Amino acid sequence: MLEVRDLRVRFGTFYALDGVSLSVKEGEIVVLLGANGAGKSTLFRTISGLHAPAGGAILLEGQDVTRWPAHRLVAAGIAQAPEGKHLFPEVSVGKNLRLGAYVRRRDVEGVRSTMDEVFQLFPVLREKERDAAGTLSGGQQQMLAIGRALMAKPRLLLLDEPSLGLAPLVVEEVFASIQKINEGGTSVLLAEQNAHAALKVAHRGYVIEEGTVSLSGGRGELMGNEEVRRAYIGI
Amino acid sequence: MTLFLQQLVNGVALGSVYALVALGLTLVYGVLKVPNFAHGALYMMAAYVVYVALTAVEAPYVVAIAAAIVAIGVLGGAMELVVFRHLEGKTPVHMMIAALGVLFFLEGTADVVWGPDFRPVPTPLDGVVSAFGVNITEQRILVIVAAVATMVGLYTLLKRTLVGMSIEALAQDREGALLVGIDTKRVALLTFAISGVLAAIAGSLIAPLVLVFPLMGAVVILKAFVIVILGGMGSVPGAIIGGYLLAIAETMAGTYVAFAFSELIAFALLVLVLVFRPTGLFTKGT
């Protein structure tokens, strides 16, 4: 599905990503663990076309999509719920969702049915359909960010720190819905600091440190790994 | 009382033009963060298009207005394509200097083509309507009606169409807009073209009421900036309310205080707003 090969991203003389390689297979949830500043968001932003890489390649189903503009990547099937959410705060929840389906705007029927699916996944969004996105609580905004990304009907969903700043109960709810989304056939790449919650739903994972992948493995391997436990789970 | 009503009507007509100019300015600023000083030149160019259409070509006024809308809409788009597209991500100072450069270029062009003289434009609608002791020229009625229709049209475009929603999306969160797949370059081009159309409508409505000359945009653009700051940078309702407020204040001050005072009022208001409410009177609440 997605293959990232030796990706390098430079800010001035500093390499935020220094040769990252990873892959997401069809139907998988893959988690990317790492501390603040390890390069998770930079990787996500580069995959979505917001940063131009200095080297390496990004392949979507075998096709080289490195340096594609952001809007083409969304149309090709990669949608992201970014860190910080980047919702349209003064626009209603319903319009935020409709804007999420911007690349499918001619498919009126399809957009309506995806919107119903999103409302089924997050019923609170239906209740708040007419409210401005900026008035929602943190958890609701996260749900809207995920819902907006789903509106593009992506084959690969990128979720950057969906648990950030949420209460534990809400985190559980969000992760349960991520699992549901995945069961619907969408592959998911998830960046998290909350390794405990993320590893519960993920099939595989990577640990990223200082711009490179330092460790990778299946869920069980990572759960059992001493370093992962010490650094990201805290038990 | 009659004098007051008369001046109120005149103020509303002037305010309609101010609001249209300010709308184009606030739209481009709100969406693309470009302080477009060259916007006044679009307004001036539109007046010249109408002047040429009415005098040299002797076209009907409607055709003259349509020609101005098309020509200046294209000119606005060209401004984005040729200049501002290449300044994406640069500082506001870069944008401002580029905008001033475009302003001087267009003013210079008008000066070369038509010369520095003040040129009268024929008045196609020269009738006068009287009601309640107030006389209002048909041209002023047209200004008010056409401006309000344009504002309703703009509002409908922004709020009710997906194209308008993509413009709003870009204004509110650029990164969010990119991530939902909006082609931000296309939206930028479109926004500049729309601002050109707004300037064209304002310029072609005012042309028969004033004298046309290369620097006519400079005064108006300064006032439009005052209005945009007054109403809150990027705020559409702020630009409309601010436009009418400033024009009515100017007309009233000119009538009841002293004529010379009317030109001062915009800048007095600007200073007051900047001191007491620097984010503008109608800033969107966040």
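Before reading further, recall that the structure is shown in the block above.
All values reported here derive from a predicted model rather than from experimental measurement.

Moving on, we come to the overall build of chain B. Secondary structure summary: chain B contains 11 helices and 4 strands in total. Relative to its length of 286 residues, chain B is compact, with a C-alpha radius of gyration of 19 Å against a globular reference of 19 Å. The proportion of buried residues among the 286 residues of chain B is 51%. In chain B, once contacts between residues fewer than 6 apart in sequence are set aside, the share between residues at least 24 apart is 78%. Computed over 13 positive and 14 negative side-chain charges, the inter-centroid distance for chain B is 10 Å.

What follows concerns the pairing of strand β8 (residues 187–192) of chain A. All names here are of chain A. Counted residue by residue, β8 has 6 buried out of 6 residues, so it is predominantly covered. Alternating residues of β8 divide into Ser187, Leu189 and Ala191 and Val188, Leu190 and Glu192, and every residue in both groups is buried. As defined by bridge partners, strand β3 (residues 29–33) adjoins β8 across 5 bridges and the pair is classed as parallel. Across the sheet, Leu32 pairs through a bridge with Ala191, a residue of β8. Note: strand β7 (residues 156–160) against β8, 5 bridges, orientation parallel. Opposite Leu157, over in β8, you have Val188 as the bridge partner. The β-α-β motif built from β7, the intervening helix α7 (residues 168–183) and the parallel element β8 has right-handed crossover chirality.

Now for the interface of chain A and chain B. Tallying the contact residues gives 22 residues for chain A and 20 residues for chain B. For the pairing of chain A and chain B, the buried interface totals around 2100 Å² over both sides, and the portion due to carbon and sulfur atoms is 64%. A per-residue breakdown of the area chain A buries against chain B is headed by Phe88, Glu90 and Tyr102 of chain A, which together make up 28% of the total. The interface formed by chain A and chain B contains 1 salt bridge. We note a salt bridge from Glu175 of chain B to Arg45 of chain A, for which the minimum N-O separation is 2.2 Å.

To continue, consider a negative patch on the surface. Where like charges cluster on the molecular surface, the negative patch consists of Glu209, Glu210, Glu226 and Glu227 of chain A. Checked against the element boundaries, Glu210 of chain A lands in the loop between β9 (204–209) and β10 (212–218).

Here we come to the packing of aromatic side chains. Each aromatic ring pair is characterised by the separation of its centres together with the angle its planes make. In total, this model carries 5 aromatic pairs over all chains according to the counting rule given. Ring geometry for Tyr48 of chain B against Tyr51 of chain B: centres 6.4 Å apart, planes inclined by 90°, an arrangement best described as edge-to-face. With Tyr48 of chain B and Tyr51 of chain B both in helix α2 (residues 39–55), this residue pair falls 3 residues apart, about one helical turn. Feature note: the residues Tyr48, Tyr51 and Trp114 of chain B constitute an aromatic cluster, connected by ring pairs. Here the guanidinium or amino end of Arg105 of chain A rests over the ring plane of Tyr102 of chain A, the centre of that ring lying 4.1 Å away. One residue, Arg148 of chain A, lies across the ring of Phe88 of chain A, its end atom 4.9 Å from the ring centre.

The rules we used
- Residues numbered from 1 in each chain as written.
- Chains lettered and ligands numbered in written order.
- Predicted model: local features only at pLDDT ≥ 70, side-chain atom pairs only at ≥ 80, totals over all residues.
- Heavy atoms only, no water.
- Helix = DSSP H or I, 4+ residues; strand = E, 2+ residues; numbered from the N terminus.
- Rg over C-alpha atoms; globule rule 2.2 N^0.38 Å.
- Buried < 20%, exposed > 50% of the residue type's maximum accessible area, 1.4 Å probe, protein only.
- Contact = heavy atoms within 4.5 Å.
- Lys, Arg positive; Asp, Glu negative; His and termini not counted.
- Charge placed at Lys NZ, Arg CZ, Asp CG, Glu CD.
- Pairing = 2+ DSSP bridges.
- Right-handed = clockwise from strand over helix to strand, strands pointing away.
- Buried area = accessible area lost by both parts, 1.4 Å probe.
- Salt bridge = Lys/Arg side-chain N within 4 Å of Asp/Glu carboxyl O.
- Patch = residues over 30% accessible without salt bridge, like charges linked within 9 Å, V, L, I, M, F, W, Y side chains within 5 Å.
- Areas by Shrake-Rupley, 256 points an atom, 1.4 Å probe, with all protein chains shown as cover.
- Phe/Tyr/Trp six-rings, centres within 6.5 Å; stacked < 30°, edge-to-face > 60°.
- Lys NZ or Arg CZ within 6 Å of the ring centre and 35° of its normal.

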